[in-house]
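The lines below spell out each chain.
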Amino acid sequence: MSKRFKDHPPQPEMNRRDFIIRSAKAGITLGTAAAIGYFLYDPVGPGAPVEKSSVALPDFSVPEAGKKIAIAAGDDRIKTVNAALKALGGIECFVKKGDRVLIKVNGSFATPPSLCATTNPELLAEVTRLCFRAGAAAVAVTDNPINNPESCFALSGIGDAAQSSGADLIVPRESLFANITVPGSNFIRNWPVLFGAFHGVTKLLGIAPVKDHRRSGATMSMKNWYGFIGGRRNIFHQDIHTFIKDLALMIRPTLVILDGTFAMISNGPTGGSVSDLKQTNTMIVSTDQVAADAAGAALLGKTPADLPYIAKAEHAGAGTADFEALSPFRVSTG
Amino acid sequence: MRRTGIAETCIGIFILALLAGITAWVYFAQSLFDPDFYSVTLLKEGNGAYRKNSLPSPGSGPVPAFLPENLTPMGPEETFDSETLSDKIDGKADLYLSSGFVKLRTRRFASKADPKSWLELFIYEMGDPTKAFSVYSSQKRKDARPVDLGVSAYSTEDAFFFTNGPDYFEIISASKDLAEEMTSLAKNLVEAGPKYTGQQTEASLFPPESLDESSISLHMSDVFGFSALDRVYTASYSMGAAQVTAFLSKRESAEEAADLAATYGRFLVENGAEEAGAIPGAPDSKIYKVFNAYEVVLHRGEFLAGTHDVDNMESATDVASRIYRKLDEAGR
């Protein structure tokens, strides 16, 4: 046997005492390392800075009007919106002489009005006229659409409707956005919002169609505020229900008008054919956006429980999901 | 106990010092974290306030060869990738992204006779024919009218939908007056494209008797609420007053098909189903009573198949046994 294969020099055997001491030392070392790691662990991580917002959106609700909802049945949008507003006491209860009104439409897509993927232009024109008739000093219409804004407003008919009825059309541009943080919000923290559109505004109305939405289950009054958000907002689709709750906390509208004359019951939110629509002959007008969406869920064959954002918004204090508790005014235009 | 030598002690001290140095460096680097750096990055990536899409300008861009004579481009072609797809179709992007979406090309065309009449062409590149068929079939409208284009196609009152090879096409019209133009455009697109043959062979294994061919759909994931069940074709059968949904899925191997049949059966039982025997003469089948409905799950060779959520057991087993025989024949 060669020398290099010789046995190592004999090592003294480890006794029990040595073994226990070494094991204890190893255990203490591992335990200390784990404890330090646990102590230093930051479950949130170093996200983007949350600056204190220098701007905030006002509350546009009319406290003396209280929480109300009207549900009008009929196939003529002009008649149903007038009937619903009359049931609530008339638009004069909400829009006063000299008010500057902002109407947030759903103009997300550059699609024709026939697809009902966007706010109906005739309905928009009628509501604008009603605001002026109530004494509004100015009415402006806006949205920050998914597609190119000019194309959306032109092809959806919203642009023509706004201008023909005397409203100003606010096309979003960089200078109109400001970062805001919404108290109680999970996501709207130092995030760009179409703040410039609110300049001088005293009343805010939302007009939205009732649509199926592949991610959130539905898009109605509350999700309509998504169009006030700027930036790379599609990242919020990852937790869409919580984000819609955030939107409901961000916007406290004067009124929401939920157009369920036709409901897009499949392939939403873009649709793609009149075959995706169902004539549901309903117009919902409410001072409570959560109640409006809860009532609108049925038009899509859903219950409020099928749309988790409704419960989240209610829990956050944005309104009530129990719209029946508001004793809805139900009217029919025949 | 053996005492350590000087060399071992030095190496040990060096390693400990090195670890301490690394710890100190990590701690120091964290204290220098600059959140603005990340914000700036996000802003450059599109976290700015206003997103600028390409603005169409009338008549710009070349006229594609497939365009019928009486149509003219309203603007240039727009393209969207997986990052920007939701800028075009918002929440519906999920459907495409989960099915292998590669690219979307869109362009609007107006009637030369009446520029207010326009349509928009969407071409979704899905990567392979199966995925294209999946997004085509999963959005099928209830009042779809089959169209003979030599490919899977249907129309509605105001739109055309079809698939050709790895691409899925939508032609959406703003006016009901453009039916002829839509048809011409669809035909031109199919003729201009490559010829694909042998598509959807699994769908041909549905027994033809009482089958509603237009109902054949392909579902890519979470079929019947079961996460492991993917790539499943479904089809409707009219059995008198009863409607039967049949399903068929080719797996990688016979073993996988058998395993999936078993795990899907367990899933049904865990959700309240009871086993209710097997189809006579079909040993690889099981009947489940799911509350007031019936489900048949079977496997034959590489195929998993069955019937789903059928009101009566007779209709459920009748269709399932025909599928079983068809798979048997195909396997020989």
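Residues numbered from 1 in each chain as written. Chains lettered and ligands numbered in written order. Predicted model: local features only at pLDDT ≥ 70, side-chain atom pairs only at ≥ 80, totals over all residues. Heavy atoms only, no water.

Further remarks concern the overall build of chain B. Counting secondary structure elements, chain B contains 8 helices and 15 strands. Counting every position in chain B, which comprises 332 residues, the buried fraction comes to 45%. Of the roughly 17100 Å² of accessible surface on chain B, a fraction of 54% belongs to carbon and sulfur atoms. (Helix = DSSP H or I, 4+ residues; strand = E, 2+ residues; numbered from the N terminus. Buried < 20%, exposed > 50% of the residue type's maximum accessible area, 1.4 Å probe, protein only. Areas by Shrake-Rupley, 256 points an atom, 1.4 Å probe, with all protein chains shown as cover.)

When you go through chain A residue by residue, the secondary structure sums to 8 helices and 11 strands. In terms of C-alpha radius of gyration, chain A reaches 28 Å, well past the compact-globule figure of 20 Å for 334 residues. Taken across its 334 residues, chain A has 55% of its residues classed as buried. Across chain A, every contact between residues at least 6 apart in sequence was considered, and the portion connecting residues at least 24 apart equals 74%. In chain A, 34 positive and 29 negative side-chain charges are present, and the distance between their average locations comes to 8 Å. (Rg over C-alpha atoms; globule rule 2.2 N^0.38 Å. Contact = heavy atoms within 4.5 Å. Lys, Arg positive; Asp, Glu negative; His and termini not counted. Charge placed at Lys NZ, Arg CZ, Asp CG, Glu CD.)

Residues and elements named next belong to chain B. Of the voids in this model, the largest pocket is the one considered here, and its volume is about 910 Å³. What lines the largest pocket is a set of 36 residues, among which S137, S138, Q139, K140 and S217 lie closest to the centre. At the level of elements, α5 (129-138), β9 (211-219) and β10 (232-239) are the ones that each hand at least two residues to the lining of the largest pocket. Broken down by element, the residue count for the lining of the largest pocket peaks at 6 residues, all from β9. A per-class count over the lining of the largest pocket returns 8 nonpolar, 18 polar and 10 charged. (1 Å grid on protein atoms, 1.4 Å probe; cavity = no way out; pocket = protein on both sides within 12 Å on 5 of 7 lines; lining within 4 Å. Points joined across faces, edges and corners; volume = space filled by probe spheres on them. Nonpolar A, V, L, I, M, F, W, Y, C, P; charged D, E, K, R; others polar.)

Our next topic: the packing of helix α7 (residues 289-296) of chain A against helix α8 (residues 308-315) of chain A. Helix-helix packing: each pair is described by the crossing angle between the helix axes and the interaxial distance. Residue and element names in this part refer to chain A. As a packed pair, α7 and α8 sit with axes 10 Å apart at the nearest point and diverge in direction by 155°. Classified by the angle between their axes, α7 and α8 sit roughly antiparallel to one another. Considering how the two elements wind past one another, α7 and α8 form a crossing that is left-handed. For the pair α7 and α8, contact is made by V290, D293 and A294 and by Y309, I310, A313 and E314, respectively. Here the contact of α7 with α8 is built from residues that sort into 5 nonpolar, no polar and 2 charged. (Axes fitted to C-alpha atoms, helices over the stretch in contact; angles between N-to-C directions. Parallel < 35°, antiparallel > 145°, perpendicular 65-115°, else oblique. Left-handed = near helix turned anticlockwise from the far one by under 90°.)

What follows is about the confidence of the model for chain B. Residue and element names in this part refer to chain B. Looking at chain B as a whole, the pLDDT averages 86, with 88% of positions reaching at least 70. pLDDT under 50 marks residues 35-58. Its contacts with residues more than four places away, or in other chains, come to 56 contacts. Reported confidences for the modelled complex are a pTM of 0.76 and an ipTM of 0.77. (pLDDT = per-residue confidence, 0-100.)

Next up on the list: the state of the cysteines. Residues and elements named next belong to chain A. Taken as a whole and assessed by the stated rule, the structure comprises 0 disulfides over all chains. For the unlinked cysteine C116, the closest cysteine sulfur is that of C152, found at 16 Å. C116 sits in the buried class, given a relative accessible area of 9%. (Disulfide = S-S within 2.5 Å.)

With that settled, the discussion passes to the sheet that holds strand β11 (residues 242-250) of chain B. All names here are of chain B. Ordered by their spatial adjacency, 7 strands build an open sheet running β9-β10-β11-β15-β14-β13-β12, and the pairing between neighbours is antiparallel. A strand with exactly one partner marks an edge of an open sheet, and here the two such strands are β9 and β12 (273-275). Looking at each pair of strands side by side, their axes are set apart by 25° on average, direction ignored. As paired elements, β11 and strand β15 (residues 303-310) share 6 bridges and run antiparallel to each other. Looking at β15, one finds that L248 is bridged to A305. Sitting on the sheet, α5 is in contact with β9 and β10, with an inclination near 115° to β9. (Pairing = 2+ DSSP bridges.)

All right, on to the packing of helix α6 (residues 240-250) of chain A against α8(A) then. All names here are of chain A. Where α6 meets α8, the closest approach of the two axes is 8 Å, and the angle between their N-to-C directions is 40°. With respect to their mutual orientation, α6 and α8 come out oblique. Here α6 runs over α8; the crossing is right-handed. Each of H241, T242, I244, K245 and A248 in α6 lies in contact with α8, whose residues at this interface are P308, Y309, K312 and A313. Among the residues forming the contact of α6 with α8, the class breakdown is 5 nonpolar, 2 polar and 2 charged.

What follows concerns the packing of aromatic side chains. Enumeration over the complete set of coordinates arrives at 25 aromatic pairs over all chains. Ring geometry for W225(A) versus F228(A): centroids 6.0 Å apart, planes at 10°, classification stacked. Here W225(A) matches F228(A) in class, with each residue buried. A ring pair is formed by F133(B) and Y136(B), whose centres lie 5.8 Å apart and whose planes are at 40°; its orientation type is tilted. One end of the pair, F133(B), and the other, Y136(B), are both in helix α5, 3 residues apart, so they sit about a helical turn from each other. The cationic tip of K104(A) hangs over the ring face of F228(A); the distance from NZ or CZ to the ring centre is 5.9 Å. (Phe/Tyr/Trp six-rings, centres within 6.5 Å; stacked < 30°, edge-to-face > 60°. Lys NZ or Arg CZ within 6 Å of the ring centre and 35° of its normal.)

Glancing now at the pattern of salt bridges. Residue and element names in this part refer to chain B. Across all of its chains, the model carries 23 salt bridges over all chains by this definition. Where E120 meets K88, a salt bridge forms, and the shortest distance between an N and an O atom there is 2.8 Å. In this pair, E120 sits in strand β4 (residues 118-125) while K88 sits in helix α3 (residues 85-89), placing the two residues 32 residues apart along the sequence. In this structure E120 comes out as buried when scored by relative accessible area, which is 4%. Measuring nitrogen to oxygen at the nearest pair gives 3.1 Å for the salt bridge that ties D284 to R300. Highlighted residues: D284 in the loop between β12 and β13 (285-290) and R300 in strand β14 (residues 293-300), separated in sequence by 16 residues. Salt bridges sharing common partners tie together D230, R231, R251 and E256. (Salt bridge = Lys/Arg side-chain N within 4 Å of Asp/Glu carboxyl O.)

Residues and elements named next belong to chain B. Side chains of I11, F14, I15, L16, L18, L19, I22, W25 and V26 sit close together on the surface and give an oily, nonpolar patch of about 950 Å² of accessible area. Mapped onto the elements, V26 comes out in helix α1 (residues 6-31). Here V26 falls in the partly exposed class, since its relative accessible area comes to 37%. (Patch = residues over 30% accessible without salt bridge, like charges linked within 9 Å, V, L, I, M, F, W, Y side chains within 5 Å.)

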